[in-house]
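Chain by chain, the residues:
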Amino acid sequence: IYLVGGFNGQSRCRSTDIYNPRSQTWSSGPDLLCRRGTLGVGILNDKIYAVGGFDGSSGLVSVECWSMKLNEGWSMVAPLS
């Protein structure tokens, strides 16, 4: 289970948290490049996409991608139109 971005009650988050239900443990993944709350998240071809959202002052059209296999961190991809 992946928790990506969000809102902690004070500010938008950049964190990626990973829950392993087998071991019932949490671990940290790479931080997003942008703070994002109310974003869309999806998985396609072993990659997680963080889409749009709100950074605390404006709506975002940017999209970030993280390859779970390569585990090299988040990178920007083509923005929303």
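Anyway, here's the lowdown on the structure attached to this text. Just so it is clear, the model here is predicted, and its values are computed rather than measured. (Residues numbered from 1 in each chain as written. Predicted model: local features only at pLDDT ≥ 70, side-chain atom pairs only at ≥ 80, totals over all residues. Heavy atoms only, no water.)

1. Things to note about the pattern of salt bridges
- Scanning the entire structure with this criterion turns up two salt bridges.
- A salt bridge links Arg36 to Glu64, with the shortest nitrogen-to-oxygen separation between them at 3.0 Å. Taken together, the positions of Arg36 in the loop between strand 3 (25-28) and strand 4 (40-44) and Glu64 in strand 6 (residues 63-67) put the pair 28 residues apart, joining distant regions of the chain.
- Residue classification places Arg36 among the buried positions, given a relative accessible area of 0%.
- Judged by relative accessible area, which is 0%, Glu64 ranks as buried. (Salt bridge = Lys/Arg side-chain N within 4 Å of Asp/Glu carboxyl O. Helix = DSSP H or I, 4+ residues; strand = E, 2+ residues; numbered from the N terminus. Buried < 20%, exposed > 50% of the residue type's maximum accessible area, 1.4 Å probe, protein only.)

2. Focus: the side chain of Ser62
- Inspection of the secondary structure assignment puts Ser62 in the loop between strand 5 (47-51) and strand 6.
- On the basis of relative accessible area, Ser62 is assigned to the buried category, the value being 16%.
- Only 2.7 Å separates the side chain of Ser62 from the side chain of Arg36, close enough to count as a polar contact.
- With near-sequence residues (within four places) excluded, Ser62 lies in contact with Cys34, Arg36, Ala50, Val51, Gly52, Met76 and Pro79. (Polar contact = N/O pair within 3.5 Å; in protein donor to acceptor, adjacent residues only side chain to side chain. Contact = heavy atoms within 4.5 Å.)

3. Let's talk about the sheet that holds strand 3
- Here three strands make up an open sheet; going across it, the order is 1-2-3 and the pairing antiparallel. Across the chains shown, the open sheet's two edge strands, defined by having one partner strand only, are strand 1 (2-4) and strand 3. For this sheet the average axis-to-axis angle between neighbouring strands, irrespective of direction, equals 20°.
- With three bridges joining them, strand 1 and strand 2 (residues 16-20) adopt antiparallel strand pairing. Counterpart to Leu3 in the pairing with strand 2 is Asp17. (Pairing = 2+ DSSP bridges. Axes fitted to C-alpha atoms, helices over the stretch in contact; angles between N-to-C directions.)

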